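Geometric and topological summary
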Amino acid sequence: MSHLLRTSRVFAWFFLTGLSVAVIIGSSLYLYLRPNLPPVAQLLDVKLQTPLRVYSEDNRLIAEFGEKRRAPITIEQIPTIQLQAFMAAEDARFYEHFGVDIKGLTRAAVELVTTGSIQSGGSTITMQVAKNYFLSRDRTFIRKFNEILLALQIERELNKDQILELYLNKIYLGNRAYGIAAAAQVYYDKPVAELSLAQMAMLAGLPKAPSAYNPLANPERAQIRRNWILGRMQDLGYITADARALATQEPLSASYNTRETEVDADYVAEMARAEMVRRFGENAYTDGYSVTLTVDSAQQQTATEAVRAGLEAYDRRHGFRGPIGQFDTSNLTPDELSARMRNYPQVETLVPAVVTGVDDENGQVAVHTRTLGPGLMPFDTMTWARRFRTESITGPEPEKPSDVVSRGDVVYVKIKQRPSPADAEAEAETEATDGTNASQPGSANGLRVALAQIPRVEGALISLEAKTGAIKALAGGYSFNQSKYNRATQANRQPGSTFKPFLYLSALENGRTPATIYNDAPIVFEDSELETAWRPQNSSGQFYGPTTLRKGLYRSRNLVSIRLLRDLGINTTLDYLKQLKLPTENMPNNLSLSLGSGLLTPMELARGFAVIANGGYDVQPYLINRITESDGTVIYQAPGTILCDENCEELAAQPGNGGNEPEQAPTIDGMTLPASKAPAKTDAPRIMPRLADERSIYIMHSMMKDVVRRGTGRRALALNRTDIAGKTGTTNEQKDTWFAGFNHNIATTVWVGFDQPAPLGRGEYGSSTALPIWINYMKAALKEQPAANMPRPNGIANIRINPETGERARPGEDGIFEIFKEEDAPAPLAVQSNGSNGDSGEGEDLSRQIF
């Protein structure tokens, strides 16, 4: 007995000694680690790494920037059964323990010994929150001890629902999905509340091993894990046996779902991204900002498609440049063909395809596309493919498919008809029974394609809300993925005749009228800086004699514009351009200015026409309408605008107004961004003063409407509207082509040309390249919109004039009605005496204008 007592005492002393040592070590570690532990209060202020999302004005997703997919969610939005699924998988005693579950740790140890693996996990949800938010992934004793200490501290300062919400928003669930809401979207394309019991259990199985139990990568293991969780939920009383049985029998339904963008607006998205990074730095990608732009999704989609269609149409007119590649298709299986085609990227709607057979007799070509497999290309989609020689010369029209392509050629095609499921099944049966493959000419699965090619020409479109400057649509080129260069904001190009309305507006502001006569006749300028004399001429090569300014504008007569600029004075005109706030740094100080030889970006030109469209008020293009944080707090709202006619400086100085000097537009990576920075008060309106006499603007509207009704813009009559005004533009050798048009509400400008200025080819003008794009866009932008004409201001007179002289028409004389500012109207007819020689006293002024 004494021996047993002595042994018990020894064991007791060993136990007490061990316990004391453990307490001392634990206390020492606590005292050592506690000062370095982060405060739990940070969890309440933590910003989950949520991507930047860009939306259209009507809340359509344009783009998402950021590495992690996450959509924060509150615990009230998560069904109770989903919470129970996660607790069954990770921490069944979550609502019972104090942050560290001794029973759970013991159970995990037993599972490890008996099965060789841990099914339920040893870390509590609280410990995982500590690890995910504060600690590294290092597998060290110090890190684990920190995890336990933090878990205890978290439990003291936060309630259980707060901890569970943090956990479900932070956990990584595979495929770049962070948090339960993002995972529901990625795997099932549903909100959390719409998931089935089986789907909830599947997601609950992911935190333990997002790759090993991933339903996409390892469906069998994922199903075993799901079913174990369902059994565990039944054991814990969360679900009934019947519910478990039904969920266990449910087939796997997970698939990879990304949140598709709803608007094709890559150039716009990049402008928004650059502006957000300018404001918030790299945090723009992780702090969950949502940016709502001014663009309308329907108008933006139409703009993108119109630019692409217009550039493709130009490219087809100038011939087929041949295949983009070639390889031997003999004896290659469909899978091998698809593998070879991965070397050729898809460009927007253009899909690469290899020619697997040419059938001249039946007029069709068999192809194998990169993504959709075999298909047929009818010859009638290839008749445009004359061989390209130069921009002005093509070969003869092809007569049969072999004139265009050969077997093994890799070309781009456009999908005309996609295969139906029935076609795919029939194709599979055919291959199974007779062994045919995609390299045989007659083999196709219902897919029909048309020959295409990537245009070398480029273009841009900008559409502005005339009275506010809001960008309603913008396309910076054919394909952003092919070229990030934003021609709408970065390309300095010669505007050509599209510049003339600003020259003519300057004339109207300086006493000239639509009836003022200038001579459309040859003129020669000697310039010591030029090797030869300058002999400007009209695009037609002809001259038409004395011409009114109205006719000179709508017929785009170059000699009239040159004489007008010489009469007004170059400095006077440049000063007026500055008054309109058009950049003059790249404007020549010579008479070539009249023909648009200066340099402007499409955005700058579009802004100038918005000033004309809105009645003569200043306007500042802007893109960002609103910025919100992840919790919905609005941190920026674009200010409104007030169009001001008088006392603008006093109005701007009033408290609460944003001034009349808009923010200097920032430049990032060579790209000028529309100003969008808020003034001191985000709700303070911007004061937009008048820049031009409203009567001069009204007359300019009338003159530019004649460009559409009677001049170079007649194709725009296809819109069947009475409120459209505009101007075509073509530079020397057709290197730049334009159309800028508007009504009183919207101003849209289109440019077409090569990135490296080069002739577009014989017969290409603004009316044939840019105007069709403009029409296709405006057809959608103005759909169901009432006519928007500028109201007629006071001080305008309608007078019947002789179109040959610009003077008032005499009784019985042929005449037309013209509009004038009252003070600039032609003098009343003088009463002629019998001896009068008819000299009105204005012959000297008339001769100055004519000669």
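Residues numbered from 1 in each chain as written. Predicted model: local features only at pLDDT ≥ 70, side-chain atom pairs only at ≥ 80, totals over all residues. Heavy atoms only, no water.

Looking now at the overall build of the chain. Scanning the chain from terminus to terminus reveals 25 helices and 26 strands. For the chain, with 851 residues in total, the buried portion stands at 53%. Taken as a whole, the chain presents about 38900 Å² of accessible surface, with 49% of it coming from carbon and sulfur. (Helix = DSSP H or I, 4+ residues; strand = E, 2+ residues; numbered from the N terminus. Buried < 20%, exposed > 50% of the residue type's maximum accessible area, 1.4 Å probe, protein only. Areas by Shrake-Rupley, 256 points an atom, 1.4 Å probe, with all protein chains shown as cover.)

Attention now moves to the pattern of salt bridges. Scanning the model with the defined rule gives 34 salt bridges in all. For Arg-273, the salt bridge is made with Glu-270, and the minimal N-O distance between the two is 2.7 Å. Remark: Glu-270 and Arg-273 occur in helix α12 (residues 266-280); sequence separation between them is 3 residues, near one turn of the helix. Of the charged contacts in the structure, one is a salt bridge between Asp-645 and Arg-690, with a shortest N-O distance of 2.6 Å. Taken together, the residues Asp-645 in the loop between β18 (641-644) and α22 (648-653) and Arg-690 in the loop between β21 (686-689) and α23 (694-710) connect sequence positions 45 residues apart. Through salt bridges that share partners, Arg-550, Asp-706, Arg-709, Arg-710 and Glu-818 make up one connected network. (Salt bridge = Lys/Arg side-chain N within 4 Å of Asp/Glu carboxyl O.)

A few words on the state of the cysteines. Formally, a disulfide is one covalent bond, and it connects the sulfur atom of one cysteine to the sulfur atom of another. For the coordinates displayed, the defined rule picks out 1 disulfide. In this model, Cys-644 is linked to Cys-648 through a disulfide, with the two sulfur atoms separated by 2.1 Å. The chirality of the disulfide connecting Cys-644 with Cys-648 is left-handed, given an S-S dihedral of about -110 degrees. Residue classification places Cys-648 among the buried positions, given a relative accessible area of 10%. (Disulfide = S-S within 2.5 Å.)

Per-residue confidence for the chain gives a mean pLDDT of 84, with 80% of residues at or over 70. By mean pLDDT, strand β20 (residues 671-672) is the weakest element of the chain at 42, and strand β24 (residues 746-753) is the strongest at 98. When the criterion is pLDDT under 50, residues 668-673 qualifies, and its contacts beyond four places in sequence or with other chains add up to 21 contacts. (pLDDT = per-residue confidence, 0-100. Contact = heavy atoms within 4.5 Å.)

Next up on the list: unusual backbone geometry. Unusually for a residue other than glycine, Asp-189 sits at a positive phi of about 55 degrees. Relative to the elements of secondary structure, Asp-189 occurs in the loop between α8 (180-188) and α9 (197-204). The exposure class assigned to Asp-189 is partly exposed, which follows from its relative accessible area of 46%. A positive phi is found at Glu-348, a non-glycine position, where the angle reads about 55 degrees. Following the sequence through the fold, Glu-348 ends up in the loop between α14 (334-341) and β5 (350-359). Under the relative-accessibility criterion, Glu-348 is labelled buried at 17%.

In this section: the packing of helix α17 (residues 500-508) against helix α19 (residues 558-568). Packed helices, taken two at a time, are described by the angle between their axes plus the distance between the axes. Remark: α17 packs on α19, axes separated minimally by 10 Å, with the N-to-C direction vectors making an angle of 45 degrees. Looking at the two axes, α17 sits oblique to α19. In this structure, α17 crosses over α19, and the sense of that crossing is left-handed. Residue-level inspection shows Lys-500, Leu-503, Tyr-504, Ser-506 and Ala-507 of α17 in contact with α19, the latter providing Asn-558, Val-560, Ser-561, Leu-564, Leu-565 and Leu-568. Here the contact of α17 with α19 is composed, by residue class, of 7 nonpolar, 3 polar and 1 charged. (Axes fitted to C-alpha atoms, helices over the stretch in contact; angles between N-to-C directions. Parallel < 35°, antiparallel > 145°, perpendicular 65-115°, else oblique. Left-handed = near helix turned anticlockwise from the far one by under 90°. Nonpolar A, V, L, I, M, F, W, Y, C, P; charged D, E, K, R; others polar.)

Once that is clear, we can look at the pairing of strand β23 (residues 736-742). Across the 7 residues that make up β23, a large majority, 7, are buried. The alternating pattern of β23 places Asp-736, Trp-738, Ala-740 and Phe-742 on one face and Thr-737, Phe-739 and Gly-741 on the opposite face, and all of these are buried. Direction of pairing for strand β22 (residues 725-730) relative to β23: antiparallel, over a ladder of 6 bridges. Bridge pairing in β23 places Ala-725 opposite Phe-742. With 7 bridges connecting them, β23 and β24 associate as antiparallel partners. (Pairing = 2+ DSSP bridges.)

Across the sheet, which stays open at both edges, the 5 strands sit in the order β2-β1-β3-β16-β17 with mixed pairing between neighbours. Each end of this open sheet is capped by a strand with a single partner; those strands are β2 (61-65) and β17 (634-637). Here the strands of the sheet are splayed against their neighbours by 15 degrees on average, with no regard to which way each runs. Where strand β16 (residues 624-628) lies against β17, 3 bridges are found, and the strand directions are antiparallel. Within β17, the residue paired with Thr-628 across the bridge is Val-634.

On to the side chain of Asp-91, then. Here Asp-91 lies in the loop between α3 (80-90) and α4 (102-115). Notably, Asp-91 is buried but unbridged: the nearest opposite-charge side chain belongs to Lys-160, and the N-O separation is 6.3 Å. Side-chain polar atoms of Asp-91 contact the side chain of His-97, separated by 2.7 Å. (Lys, Arg positive; Asp, Glu negative; His and termini not counted. Polar contact = N/O pair within 3.5 Å; in protein donor to acceptor, adjacent residues only side chain to side chain.)

If you walk across this open sheet you meet the 5 strands as β13-β12-β24-β23-β22, and the pairing is antiparallel. The two strands at the open ends of the sheet, each matched to only one other strand, are β13 (471-475) and β22. Each neighbouring strand pair of the sheet contributes to a mean axis angle of 5 degrees, computed without reference to strand direction. Pairing geometry for strand β12 (residues 458-465) and β24, over 8 bridges, is antiparallel. Its bridge partner lying in β24, Glu-458 is registered against Gly-753. Together, β12, β13, β23 and β24 form the strand contacts of helix α21 (residues 602-613), whose direction differs from that of β24 by roughly 150 degrees. In this fold α23 packs onto β22 and β23, with an angle of close to 65 degrees to the strand it touches most, β22.

Take the packing of α3 against α9 next. At a minimum axis separation of 9 Å, α3 and α9 run at an interaxial angle of 40 degrees. The angle between the axes of α3 and α9 places the two elements in the oblique class. For α3 against α9, the interelement crossing comes out right-handed. Contact residues: Ile-81, Gln-82, Ala-85, Phe-86, Ala-89 and Glu-90 in α3; Leu-197, Met-200, Ala-201, Leu-203 and Ala-204 in α9. Broken down by class, the residue content of the contact of α3 with α9 amounts to 9 nonpolar, 1 polar and 1 charged.

Where burial is concerned, most of β13 is hidden: 5 out of the 5 residues are buried. Bridge analysis of β12 against β13 gives 4 bridges, and the strand direction is antiparallel. Note on β13: the bridge partner recorded for Ile-462 is Leu-474. Between β12 and β13, which pair antiparallel one after the other, the connecting turn spans 5 residues, and Gly-469 there sits at a positive phi close to 90 degrees.

One can find Leu-771 in helix α24 (residues 766-781). Under the relative-accessibility criterion, Leu-771 is labelled buried at 0%. Sequence-distant contacts of Leu-771, defined by excluding residues within four places in its chain, comprise Thr-712, Gly-713, Arg-715, Ala-716, Phe-739 and Gly-766.

Further remarks concern the nonpolar core. With 89 residues, the main nonpolar core has Ile-62, Leu-293, Leu-474, Phe-502, Tyr-504, Leu-580 and Met-700 as its most contacted residues. Top contributing element to this core by residue count: α21, with 8 residues. (Core = buried A, V, L, I, M, F, W, Y, C linked by side-chain atoms within 4.5 Å.)

Residue position: Arg-721 is located in the loop between α23 and β22. Once the C-alpha coordinates of Arg-721 and Asn-743 are considered, the two residues, 22 residues apart in sequence, prove to be 9.8 Å apart. Each residue touching Arg-721, except ones within four places of it in the same chain, is listed here: Asn-743, Leu-782, Gln-785, Pro-786, Ala-787 and Ala-788. For Arg-721, the side chain forms a polar contact with the main-chain oxygen of Gln-785, separated by 3.0 Å. For Arg-721, the side chain forms a polar contact with the main-chain oxygen of Pro-786, separated by 3.1 Å.

The element α9 is extensively covered by neighbouring structure, given that 8 of its 8 residues are classed as buried. Of the residues making up α9, those classed as buried are Leu-197, Ala-198, Gln-199, Met-200, Ala-201, Met-202, Leu-203 and Ala-204. Against the buried residues of α9 lie α3, α8, α10 (219-235) and α11 (241-249).

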